[in-house]
Amino acid sequence: AQSVTQLGSHVSVSEGALVLLRCNYSSSVPPYLFWYVQYPNQGLQLLLKYTTGATLVKGINGFEAEFKKSETSFHLTKPSAHMSDAAEYFCAVSDAGANSKLTFGKGITLSVRP
Amino acid sequence: SAVISQKPSRDICQRGTSLTIQCQVDSQVTMMFWYRQQPGQSLTLIATANQGSEATYESGFVIDKFPISRPNLTFSTLTVSNMSPEDSSIYLCSVEDPWGRDTEAFFGQGTRLTVV
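Here the residue index of a chain counts from 1 through its sequence in written order. All chains are assigned letters beginning at A, and all ligands numbers beginning at 1, according to the order in which they are written. Side-chain atom pairs in this predicted model are given and counted only at pLDDT of 80 or more, local residue features only at pLDDT of at least 70, and totals for whole chains, interfaces and linings cover all residues. Processing note: side-chain calculations cover all non-hydrogen atoms of the structure and skip hydrogens and water entirely.

**A few points about the sheet that holds strand 8 (residues 75-80) of chain B**
Whenever strands of a sheet pair, they do so through backbone hydrogen bonds, lying parallel or antiparallel. Residue and element names in this part refer to chain B. If DSSP finds at least two bridges between two strands, the strands pair. Numbering of helices and strands starts at the N terminus; helices are DSSP runs of H or I of at least 4 residues and strands are runs of E of at least 2. An order of 1-3-8-7 is seen for the 4 strands of this open sheet, with the pairing classed as antiparallel. For this open sheet the edge positions go to strand 1 (4-7) and strand 7 (68-72), each flanked by a neighbour on one side alone. Taken pair by pair, the neighbouring strands of this sheet meet at an average axis angle of 15 degrees, ignoring direction. Examined bridge by bridge, strand 3 (residues 19-25) and strand 8 share 6 bridges and lie antiparallel to one another. Looking at strand 8, one finds that Thr-20 is bridged to Thr-79. All axes here are fitted lines through C-alpha atoms, helices being fitted over the stretch that makes contact, and every angle between N-to-C directions spans 0 to 180 degrees.

Next comes the structure, spelled out in structure tokens:
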């Protein structure tokens, strides 16, 4: 069975500061990994994904994440936070692409202070 | 990308009643997924709905409580039956990429259900 761990439920950073949201997974097969963002009263939007190939993946809005197999991690980063980044972020894993079911972490709420 | 419309966007329902949530996709897709997001919790898969076959339910979810219809390749409904306050959640419809070109799941905006 797959699982995703996102430690903590809330992260607060200052505008312009580094954003780091942690995600660890467990999977018995090579995983596909995803980060989704959910803005208030909106649906989920894909930020970025890792399937195969380059382990550092770049997504929308300046976010990137690095797949580290040895650490079973897929942490999300952004060098400089913007007020518009305030949202809830979900890490998810699947073992056969997106046409297989996704297992989500609990999500992390990101707040950005002026 | 696929555009997904969910109706209603929100509702407040009395306990013991049922609510049917509709999910319409702008492209034909083989598989549709229904998720539940309880307050303060992550998304949990309820079931997978393939056109022309019975939905496949995840552990902890049963057809009597969450009947699903999939009459064609662009539409599905999820019914939350005999509701209780514990069913208060956001329910989301999701589909795979319609053209199979990309490993991405697309989500509707969700239905925010409050049971009183």
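**What about the pairing of strand 9 (residues 89-96) of chain B?**
Residues and elements named next belong to chain B. Only protein chains enter the accessibility calculation, which uses a 1.4 Å probe; a residue is then buried when its area is under 20% of its type maximum, exposed when over 50%, and partly exposed in between. Counted residue by residue, strand 9 has 8 buried out of 8 residues, so it is predominantly covered. Sheet topology note: the strand 4 (residues 31-37)/strand 9 ladder contains 6 bridges and is antiparallel. Bridged to Gln-37 within strand 9 is Ile-90. Taken together, the 3 bridges between strand 9 and strand 10 (residues 105-107) define a ladder with antiparallel strand orientation. Residue Ser-94 lies in a different strand from strand 10, and its bridge partner there is Phe-107.

**Quick look at the interface of chain A and chain B**
Whether two residues are in contact is decided by their heavy atoms: any pair within 4.5 Å suffices. Each side of the interface is counted separately: chain A has 22 residues, and chain B has 19 residues. Throughout, buried area stands for the accessible area (probe radius 1.4 Å) lost by two parts on being put together, summed over both. Summed over both partners, the interface of chain A with chain B buries about 1,700 Å², with 53% contributed by carbon and sulfur atoms. Salt bridges are defined as contacts in which a side-chain nitrogen from Lys or Arg sits within 4 Å of a carboxyl oxygen from Asp or Glu. Applying the counting rule to chain A against chain B returns 0 salt bridges. The term polar contact refers here to a pair of N or O atoms within 3.5 Å; inside protein, the definition further demands a hydrogen-donor-capable atom paired with an acceptor-capable atom, and it admits residues adjacent in sequence only when both atoms are side-chain atoms. Counting across the chain A and chain B interface gives 4 residue pairs in polar contact (both at pLDDT 80 or more). Elements represented by at least two residues in the side of chain A that touches chain B include exactly strand 5 (32-38), strand 6 (44-50) and strand 10 (87-94) of chain A. A class-by-class count of the residues in the side of chain A that touches chain B yields 9 nonpolar, 9 polar and 4 charged. Each residue is assigned to one of three groups, with Ala, Val, Leu, Ile, Met, Phe, Trp, Tyr, Cys and Pro labelled nonpolar, Asp, Glu, Lys and Arg labelled charged, and all others, Gly among them, labelled polar.

**Thoughts on unusual backbone geometry**
Note that the residue after Lys7(B), namely Pro8(B), is joined by a cis bond; omega there is -10 degrees. On the secondary structure map, Pro8(B) appears in the loop between strand 1 and strand 2 (10-13). Even without being a glycine, Thr72(A) presents a positive backbone phi close to 45 degrees. Structurally, Thr72(A) can be placed in the loop between strand 8 (64-68) and strand 9 (73-78). Within the chain, Asn82(B) stands out as a residue other than glycine whose phi angle is a positive 45 degrees. With respect to the element layout, Asn82(B) can be found in the loop between strand 8 and strand 9.

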